[in-house]
Amino acid sequence: MHRFTRREMVAAATLLFSCGAVLAQSSPPQEVAVLLRQGAEAMQAGNAAEAETSYRKATEAAPDFAPGWLDLGLAQLKEGKLVDATGSIRHALTLDPSVHGARLFLGIAEYQTQHVAAAVADLEQAQQEDPNNVQVLMWLGIVEMDSGHPEKATAPLDHAAELAPNDVGILDYRVQAHMAVARQSYTKLYQLDPGSW
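Thresholds, definitions, all that
Residues numbered from 1 in each chain as written. Predicted model: local features only at pLDDT ≥ 70, side-chain atom pairs only at ≥ 80, totals over all residues. Heavy atoms only, no water. Helix = DSSP H or I, 4+ residues; strand = E, 2+ residues; numbered from the N terminus. Buried < 20%, exposed > 50% of the residue type's maximum accessible area, 1.4 Å probe, protein only. Areas by Shrake-Rupley, 256 points an atom, 1.4 Å probe, with all protein chains shown as cover. Phe/Tyr/Trp six-rings, centres within 6.5 Å; stacked < 30°, edge-to-face > 60°. Axes fitted to C-alpha atoms, helices over the stretch in contact; angles between N-to-C directions. Parallel < 35°, antiparallel > 145°, perpendicular 65-115°, else oblique. Left-handed = near helix turned anticlockwise from the far one by under 90°. Contact = heavy atoms within 4.5 Å. Nonpolar A, V, L, I, M, F, W, Y, C, P; charged D, E, K, R; others polar. pLDDT = per-residue confidence, 0-100. Salt bridge = Lys/Arg side-chain N within 4 Å of Asp/Glu carboxyl O.

Remarks on the overall build of the protein
Piece 1. Per the secondary structure count, the protein includes 10 helices and zero strands.
Piece 2. Secondary structure elements of the protein occur, N-terminal to C-terminal, as α-α-α-α-α-α-α-α-α-α.
Piece 3. Each of the 197 residues in the protein was classed as buried or not, and the buried ones make up 45%.
Piece 4. When the accessible surface of the protein is summed, it comes to about 10,000 Å², and 53% of that surface belongs to carbon and sulfur atoms.

Here's what the structure looks like:
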């Protein structure tokens, strides 16, 4: 299983806290709205287990409400329950393929469980749906780099850097990707023409 680097954990935690509540997407029944609000408050307080309990009750009360399943998946992702998180987020997408943020978080969960091809596919779809989402671009770059394809990481990281030019994390990943591509190019150049050095 891939272990998050410290920087990836900070990025994921920031993203989870910023997307903890999906109440604004649609209007759930009042009982469900209360449970979702309680879950969001628990997530913001750093209590993912309590949030999971509230979100699970919300999905039981409104099993067809996709944002409730997404929120449940986010709590499970925060807790490190990656298989459960993947299942909950996929279920949200089954109920509503347009549920905001689901493809991004599914890609992160799949990356964590080393399902890299699936992670790339979901992150690419998230990028198609929201081409200027800095988080999607950054995570696509991270996954491509970690899977040994820095040449595929440069474009999304370059785009992310254009959109967020002062984001130190994105700039660092961008530098890493370009340096890895340069190393690959130098290695190939040496193989083709050792005298070129």
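Focus on the packing of aromatic side chains
Piece 1. In total, this model carries one aromatic pair according to the counting rule given.
Piece 2. Plain terms: the ring middles of Y111 and W139 are 6.3 Å apart, the flat faces sit at 70° to each other, and that makes the pair edge-to-face. Of this pair, Y111 sits in helix α6 (residues 102–112) while W139 sits in helix α8 (residues 134–146), and the two are 28 residues apart along the sequence. For the pair Y111 and W139, one class covers both residues: buried.

As for the packing of helix α4 (residues 66–79) against helix α5 (residues 82–95)
Piece 1. Packing of α4 against α5 leaves a shortest axis separation of 8 Å and a crossing angle of 165°. Classified by the angle between their axes, α4 and α5 sit roughly antiparallel to one another. Every pair of crossing elements has a handedness; the one defined by α4 and α5 is left-handed. In this structure, α4 contributes A66, W69, L70, L72, G73, Q76 and L77 to the contact, and α5 contributes L82, D84, A85, S88, I89, H91, A92 and L95.
Piece 2. Taken together, the residues of the contact of α4 with α5 break down into 10 nonpolar, four polar and one charged.

Observations regarding the confidence of the model for the protein
Piece 1. On average, residues of the protein carry a pLDDT of 89, and 86% of them reach 70 or more.
Piece 2. The low-confidence segment residues 20–25 (pLDDT under 50) makes 15 contacts with residues lying over four places distant or belonging to another chain.

A word on the environment of V143
Piece 1. You can see V143 is positioned in helix α8.
Piece 2. For V143 and I108, which are 35 residues apart along the polypeptide, the C-alpha to C-alpha distance reads 8.6 Å.

Brief notes about the side chain of T59
Piece 1. Of note, T59 is situated in helix α3 (residues 48–61).
Piece 2. Residue contacts for T59: discarding those within four places in its chain leaves G68, W69 and L72.

Quick look at the pattern of salt bridges
Piece 1. Enumeration according to the criterion identifies six salt bridges in this entry.
Piece 2. In this structure, D122 and R103 form a salt bridge, with 2.6 Å as the shortest nitrogen-oxygen distance. Highlighted residues: D122 in helix α7 (residues 116–129) and R103 in helix α6, separated in sequence by 19 residues. The pair D122 / R103 is uniform in exposure class, with both members buried.
Piece 3. Residues joined in a network through salt bridges with shared partners are E52, R56, E79 and K81.

Points about the environment of A119
Piece 1. On the secondary structure map, A119 appears in helix α7.
Piece 2. Using a relative accessible area of 0% as the deciding quantity, one classes A119 as buried.
Piece 3. Through-space distance from the C-alpha of A119 to that of A109 is 7.7 Å; in sequence the pair is 10 residues apart.
Piece 4. Not counting the four nearest positions on each side in its chain, A119 is found in contact with G107, E110, Y111 and V143.

Re the packing of α3 against α4
Piece 1. Running from N to C, α3 and α4 point in directions that differ by 155°, and their axes come no closer than 8 Å. It follows that α3 is roughly antiparallel to α4 by the angle criterion. The handedness of the crossing between α3 and α4 is left-handed. Within the contact between the two elements, α3 uses A48, A49, A51, E52, Y55, R56 and T59 and α4 uses G68, W69, D71, L72, A75, Q76, K78 and E79.
Piece 2. Of the residues that constitute the contact of α3 with α4, the class distribution is seven nonpolar, three polar and five charged.

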